[in-house]
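If you want the building blocks of each chain, they are given just below.
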Amino acid sequence: MVALRNARLATGKLVDVGIAGERIESVGRLAESAGSFDCGGRLLLPAFIDTHVHLDKVLIRDELAEHDGTLAGAIGAVHARKRAYTVEDVRTRARRVIESSVLLGTTRLRSHVDVDTIGGLTPLEGVLTAANDCAGIADVQVIAFPQEGILRDPGAADLMTQAMAEGAHVVGGMPHWEPDAESQRRHVEVCFELGERFDRPLDMHVDETDDGSVRTLEMVADEALRRGWSGRVTAGHVCALAAADEEYAARVIDKCARAGITIVSNPVTNLVVQGRGDRGLIRRGLTRVAEFRAAGVNLCFGQDCVRDGFYPFGRGDMLEVVLISAHAAHLATHDELSFALDAVTTNPARAWCLDDYGVKPGARADLVLLDATSWEEALRLQAARSRVWFRGRPVAETQVTSRLLA
Ligand SMILES: [Zn+2]
């Protein structure tokens, strides 16, 4: 057994954590033994989960033509580069970001991967290969994502089926990208049918637009309720809800709560992409984080983009994602900051249906030790991730030294 001594839990309690194989065996006080690691009173958290990232597109920004900065501009700007993707190219870039994420304390990632008639299944193959390369340091789930639509991209439906047959873990979607409400509804149905056929959960891009009259979230919630898909559906972005009227917002949030839908907000990307046409009061691309939370809906924060056509920054750092999201979503009280931690740990774990997540006996020992003594201090200082464990084994280490010279 390995003992992690003097670890500070998020509750502030000082404990020893005993690990046997890939699982946590005990959390409490342990007798002196060999094979121990001194955490020095620093903060030990369950390793972060990035439940919304696009690994096929990462790190291509410098190769794209400049565009107007909008979602449509970014999607268009990626086309030429996507046509030129090779499996090896996607694999190498995805791998770099998975490795960077692990160094920063994330050991589970869920990646959308474009499935369309431009790139075919090359992005899927590239990310699946990278996931396999990195199987010793992280779990990477892949979502088949119809970035160009399903009905408006003839051939995409067949490719989506192929993607699921070839090992995609989750069915993606992007209903608001279809031209009218009827095709949006059909798009949602096609995704649920695929999920049912392959017995896979759904994780869709939903209403990533400033237009408050776009309402595919309700279509997704209605379909989930109709089919009794509780706890198996995730909706990402959900920006339009910020601009929707109060009556619709209250109705659809209630449906999401009843359907057990998880909402993933991606403030870091949406803060720079949305609201670009606004003057005066500028929409900032955020969904209704506070209202979802008040309604008891499971809510997560995701990285979404790393240096691609949509977003110029990002490095797979969930501590950075939380800091930016906290600013954007008005999270500042102790209670709100504690919720922000849940949004990158236990909430995505719930969306993934993990029952062995956390710092508790029986949980898989995916852990991150931060160079701080509390969660709020770690967040404020963007503390170094001193050590990261995946399945009970140390897989990354960071040491930072800085000092004044005068
Ligand atoms: Zn996204």
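Residues numbered from 1 in each chain as written. Predicted model: local features only at pLDDT ≥ 70, side-chain atom pairs only at ≥ 80, totals over all residues. Heavy atoms only, no water.

Chemist: I'm lost on the side chain of His176 in this one. Help?
Modeler: With respect to the helices and strands, His176 occurs in the loop between strand S9 (170–171) and helix H5 (181–198). For His176, a relative accessible area of 9% puts it in the buried group. In terms of polar contacts, His176 uses its side chain to reach the backbone amide nitrogen of Asp207, at 3.3 Å. Among all residues touching His176, those that are not within four sequence positions of it are Leu71, Gln184, His205, Val206, Asp207, Glu208, Thr209, Val214 and Thr216. (Helix = DSSP H or I, 4+ residues; strand = E, 2+ residues; numbered from the N terminus. Buried < 20%, exposed > 50% of the residue type's maximum accessible area, 1.4 Å probe, protein only. Polar contact = N/O pair within 3.5 Å; in protein donor to acceptor, adjacent residues only side chain to side chain. Contact = heavy atoms within 4.5 Å.)

Chemist: Hey, could you run me through the packing of aromatic side chains in this one?
Modeler: Note on aromatic pairs: each is described by the distance of the centres and the angle between the planes. With the rule as written, the count across this model stands at four aromatic pairs. Plain terms: the ring middles of Phe37 and Trp389 are 5.6 Å apart, the flat faces sit at 80° to each other, and that makes the pair edge-to-face. Pair noted here: Phe37 is in strand S4 (residues 36–38) and Trp389 is in strand S15 (residues 385–390), with a separation of 352 residues, a long-range link. When its relative accessible area of 22% is taken as the criterion, Phe37 is described as partly exposed. (Phe/Tyr/Trp six-rings, centres within 6.5 Å; stacked < 30°, edge-to-face > 60°.)

Chemist: Could you clarify how one ought to interpret the layout of surface pockets in this entry?
Modeler: In this approach, a probe sized like a water molecule rolls over the atoms, and the result shows the empty space that is left. Volume-wise, the largest pocket comes out at about 320 Å³. Taken together, 17 residues make up the lining of the largest pocket; nearest its centre are Leu9, Ala10, Thr11, Leu45 and Leu341. Breaking the lining of the largest pocket down by element, the ones donating at least two residues are strand S5 (43–46), helix H11 (334–342) and helix H13 (375–381). Residue composition of the lining of the largest pocket, grouped by class: eight nonpolar, seven polar and two charged. Counting the residues that make up the lining of the largest pocket, at least three belong to each of domain 1 (2–47 + 358–397) and domain 2 (48–351). Its volume calculated, the second largest pocket comes out at about 250 Å³. (1 Å grid on protein atoms, 1.4 Å probe; cavity = no way out; pocket = protein on both sides within 12 Å on 5 of 7 lines; lining within 4 Å. Points joined across faces, edges and corners; volume = space filled by probe spheres on them. Nonpolar A, V, L, I, M, F, W, Y, C, P; charged D, E, K, R; others polar. Domains from an automatic or database assignment.)

Chemist: In this structure, what is going on with the domain arrangement of the protein? I would like to understand it.
Modeler: Frequently, the measure chosen for interface size is the accessible area removed from exposure when the parts meet. One can read the domain layout of the protein as domain 1 (2–47 + 358–397) and domain 2 (48–351). Each of domain 1 and domain 2 was reduced to a C-alpha centroid, and the two centroids are 30 Å apart. At the junction of the two partners, domain 1 supplies 23 residues and domain 2 supplies 24 residues. Between domain 1 and domain 2 lies a buried interface of about 1,900 Å² when both sides are counted; carbon and sulfur atoms form 64% of it. The tally of links from domain 1 across to domain 2 stands at four salt bridges. Of the charged contacts, one joins Arg108 and Asp366 as a salt bridge, the two residues approaching to 3.8 Å between their closest N and O atoms. Linking domain 1 with domain 2 are 10 residue pairs in polar contact (both at pLDDT 80 or more), by the criterion used here. Listed by contribution, the elements that provide at least two residues to the side of domain 1 that touches domain 2 are S5, strand S14 (367–370), H13, S15 and strand S16 (393–397). (Buried area = accessible area lost by both parts, 1.4 Å probe. Salt bridge = Lys/Arg side-chain N within 4 Å of Asp/Glu carboxyl O.)

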